[in-house]
Amino acid sequence: MNDGDGETSTSALLRIDNHDRQRLGETLRVLLHHGSILGLESPQSDLYHWAWANRPWIEEIVALFDLQLIWENEMRLVQAVPRSGAFLMRLKLDATLVLLMLWYEFDAAVRDRGETPPVTLTVEELNAALETKFEPMRKAKPSQTRMIEILRLAQRKNLVRFTPAAEFAQSRINVLPTIKRVIPFQSLDDWTRQAQRFNIPAEIAEAADEDDDADAEN
């Protein structure tokens, strides 16, 4: 499918063989559903290499969805970043706080401590960080069931890898570098300014979530 002979992207795309057509469809489905392809994970390794070899076609098609592809070939990673609101996640307050906290833990580990992604922490450590950074939200922090829902959503979107443990607090969370572009803060100061918006009394937060539920039902 590669246009090494100078053939235009559009004309080549119209004449792709069945194998490349299947690969193209699989690539688009993964990018639209999960937001990225993680080539370092064995199930997606071949798909990433195919996508990398055929970047012009992939980029041309996803542009129709108003998505931009960010390639990090050293990490075998390609991520689809929305350029409009159509593909943005609509999250409840508790899920927003969890993702903010995961971003913070990832950034602090990589930028300040020089760790190499993915960044690992436990659910217990995540809950402790939530209580420290969002103290007024203690009453509204996610229950165990809700935390599992949030982390599984983050896993579906290729932001984390979540490994439950018999003792839930010791469940492991591997935060992936994709989280940096889903929540694109430039610095910890930028994160802090945004996080301060959520330091509100729990009663107000719960009322806001109830309003969100009502809006979703309408």
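Note: the structure precedes this text.
Residues numbered from 1 in each chain as written. Predicted model: local features only at pLDDT ≥ 70, side-chain atom pairs only at ≥ 80, totals over all residues. Heavy atoms only, no water.

Bringing the overall build of the protein chain into the picture now. Counting its secondary structure elements, the protein chain contains ten helices and six strands. Across the 218 residues that make up the protein chain, the buried fraction comes to 41%. Nonlocal contacts in the protein chain, meaning residues at least 24 apart in sequence, comprise 63% of its contacts between residues at least 6 apart. Surface exposure of the protein chain reaches about 12,200 Å², of which carbon and sulfur atoms provide 49%. (Helix = DSSP H or I, 4+ residues; strand = E, 2+ residues; numbered from the N terminus. Buried < 20%, exposed > 50% of the residue type's maximum accessible area, 1.4 Å probe, protein only. Contact = heavy atoms within 4.5 Å. Areas by Shrake-Rupley, 256 points an atom, 1.4 Å probe, with all protein chains shown as cover.)

Relative to the helices and strands, W52 resides in helix α3 (residues 42-53). Expressed as a C-alpha distance, the spacing of W52 and G39, which sit 13 residues apart in the sequence, is 10.0 Å. In contact with W52, other than residues within four places in its own chain, are W71 and N73.

Another aspect to go through is the sheet that holds strand β4 (residues 119-122). One open sheet holds the three strands; their spatial order is β4-β6-β5, and the pairing between them is antiparallel. Each end of this open sheet is capped by a strand with a single partner; those strands are β4 and β5 (160-163). Sheet twist, expressed as the average angle between the axes of neighbouring strands with direction ignored, equals 20 degrees. Sheet analysis places β5 next to strand β6 (residues 172-175), joined by four bridges and oriented antiparallel. Note that in β6 the partner of R161 across the bridge is N174. (Pairing = 2+ DSSP bridges. Axes fitted to C-alpha atoms, helices over the stretch in contact; angles between N-to-C directions.)

Moving on: the side chain of S171. Structurally, S171 can be placed in the loop between β5 and β6. Judged by relative accessible area, S171 falls into the buried class, the value being 0%. Here A165 takes part through its backbone nitrogen, which lies 2.9 Å from a polar atom of the side chain of S171. Not counting the four nearest positions on each side in its chain, S171 is found in contact with L121, T122, V123, F162, T163, P164 and A165. (Polar contact = N/O pair within 3.5 Å; in protein donor to acceptor, adjacent residues only side chain to side chain.)

All right, on to the side chain of D107 then. Here D107 lies in helix α5 (residues 93-112). Side-chain polar atoms of D107 contact the side chain of K180, separated by 2.5 Å.

It is at 11 Å that the axes of helix α2 (residues 18-34) and helix α4 (residues 55-63) come closest, and there the two elements cross at 50 degrees. Classed by the angle they form, the pair α2 and α4 counts as oblique. Remark: the crossing between α2 and α4 carries right-handed chirality. Here L24, T27, L28 and L31 of α2 lie close against α4, whose contacting residues are I58, I61 and V62. Grouping the constituent residues of the contact of α2 with α4 by class yields six nonpolar, one polar and no charged. (Parallel < 35°, antiparallel > 145°, perpendicular 65-115°, else oblique. Left-handed = near helix turned anticlockwise from the far one by under 90°. Nonpolar A, V, L, I, M, F, W, Y, C, P; charged D, E, K, R; others polar.)

Here we take up the pattern of salt bridges. If you walk through the whole model with that rule in mind, you get nine salt bridges. For the salt bridge of E26 with R23, the shortest nitrogen-to-oxygen distance reads 3.3 Å. With E26 and R23 both in helix α2 and three residues apart, the pair spans about one turn of that helix. A salt bridge links R181 to E72; the nearest nitrogen and oxygen atoms lie 2.6 Å apart. (Salt bridge = Lys/Arg side-chain N within 4 Å of Asp/Glu carboxyl O.)

Of all hydrophobic cores here, the largest spans 33 residues; its most connected members are L102, L126, L130, I173 and V175. Among the elements of the structure, α5, β4, α6 (123-133), α7 (144-156), β5 and β6 are those that each provide at least two residues to this core. Per-element tally for this core: the top contributor is α5, with 13 residues. Beyond its immediate stretch of four places on either side in the chain, I173 contacts L102, V119, T120, L121, T122, V123, L126, L151, V160, R161 and F162. Counting residues in each nonpolar core, the second largest holds 18 residues, with V30, I37, L47 and V62 among its members. (Core = buried A, V, L, I, M, F, W, Y, C linked by side-chain atoms within 4.5 Å.)

Everything listed here is a matter of geometry and, on its own, says nothing about what the molecule does.
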